[in-house]
Amino acid sequence: MARLAHLLLGSSDGADDLAADALVAVWHQWDRVRAAEHPAAYARGVVANLARSRIRSLVRERRRVALFSSQRADHVDDPDVSAVVDVQAALVRLPFRKRACVVLRHAFDLSERETARTLGISVGTVKSQTSRGIAELERLLGSAHGGARPPVPGPQETVRKLHPGHAGGNGR
């Protein structure tokens, strides 16, 4: 749950706290979780919903700060780091639903059906959001490397590597 929170939030700051909050929420709804057909999907859905709320709060806070701040740091140096860090940075730039679909499908190897169940959306939406998310990652990573194609491995393989327990691709 902490790893999912980390990937959905885009940083480790607050990911453990969010996972702990999710566990508390799951515990408070334990009867419902235990009765659920897929308790793990229920728990992942709680993490996704809490992450979405946290991101929305951060966006609102940033907008408020921008209103009161006359100086904004627009200059960001491009770090010279590994492909995994590049993909993590690109993931943060994706809209939440695309990011969640890409992360759940490729970093956590969930099926389209499991991803749909976790996020409370249709399988078709998972397919389209995952496809568009990967295309956007490829575009973002291509522009980060001077317009060239992303370095091998591609974003899907690199996203898979973000999950520490991944043992290799399974053709999905």
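Here the structure is shown first, and the text comes after it.
Residues numbered from 1 in each chain as written. Predicted model: local features only at pLDDT ≥ 70, side-chain atom pairs only at ≥ 80, totals over all residues. Heavy atoms only, no water.

K.L.:
Would you take a moment to explain the nonpolar core for this structure?
P.N.:
Proteins that are soluble and globular tend to have nonpolar side chains buried together. Core analysis: the biggest nonpolar cluster contains 35 residues, and L8, L91, L119 and L137 have the highest contact counts within it. Those elements that provide at least two residues to this core are α1 (2-9), α2 (15-28), α4 (39-68), α5 (83-93), α6 (96-107), α7 (112-119) and α8 (123-144). Counting residues per element, this core draws most heavily on α6, at 7 residues. (Core = buried A, V, L, I, M, F, W, Y, C linked by side-chain atoms within 4.5 Å. Buried < 20%, exposed > 50% of the residue type's maximum accessible area, 1.4 Å probe, protein only. Helix = DSSP H or I, 4+ residues; strand = E, 2+ residues; numbered from the N terminus.)

K.L.:
Even after reading the chapter, I still don't get the side chain of T130, so can you show me in this structure?
P.N.:
Within the element layout of this structure, T130 appears in helix α8. Those residues in contact with T130 that lie beyond four places of it in its chain are C101, V102, R105 and H106. (Contact = heavy atoms within 4.5 Å.)

K.L.:
Please clarify how the environment of S122 should be interpreted in this entry.
P.N.:
With respect to the helices, strands and loops of the structure, S122 is situated in the loop between α7 and α8. Judged by its relative accessible area of 41%, S122 is partly exposed. Taking the C-alpha atoms as reference points, S122 and E112, 10 residues apart in sequence, are found 9.0 Å from one another. There is a polar contact of 2.9 Å between the side chain of S122 and the side chain of T125. (Polar contact = N/O pair within 3.5 Å; in protein donor to acceptor, adjacent residues only side chain to side chain.)

K.L.:
Looking at this structure, I do not really get the side chain of H6. What am I missing?
P.N.:
Of note, H6 is situated in helix α1. Those residues in contact with H6 that sit more than four places away from it in its chain are S11, S12, A15 and Q88.

K.L.:
Any chance you could explain α5 here in plain terms?
P.N.:
At 3.6 residues per turn, the α-helix brings residues three or four places apart onto the same side. D86, V87, A90 and L91 are the residues of α5 that are buried. Take α5 and look down its axis: the buried residues cluster within an arc of 140 degrees, on one side only. (Arc of directions from axis to C-beta.)

K.L.:
Mind showing me how you'd approach the layout of surface pockets here?
P.N.:
With a probe scaled to a water molecule rolled over the atoms, the places where space remains empty come into view. The volume enclosed by the second largest pocket comes to roughly 230 Å³. Taken together, L9, G10, S11, D13, G14, R54, I55, L58, V59, R62, V92 and R99 make up the full set of residues lining the second largest pocket. Element by element, the count of residues in the lining of the second largest pocket is highest for α4, at 5 residues. In terms of residue class, the lining of the second largest pocket is made up of 5 nonpolar, 3 polar and 4 charged. (1 Å grid on protein atoms, 1.4 Å probe; cavity = no way out; pocket = protein on both sides within 12 Å on 5 of 7 lines; lining within 4 Å. Points joined across faces, edges and corners; volume = space filled by probe spheres on them. Nonpolar A, V, L, I, M, F, W, Y, C, P; charged D, E, K, R; others polar.)

Limitation: the analysis is restricted to geometry and does not speak to function.
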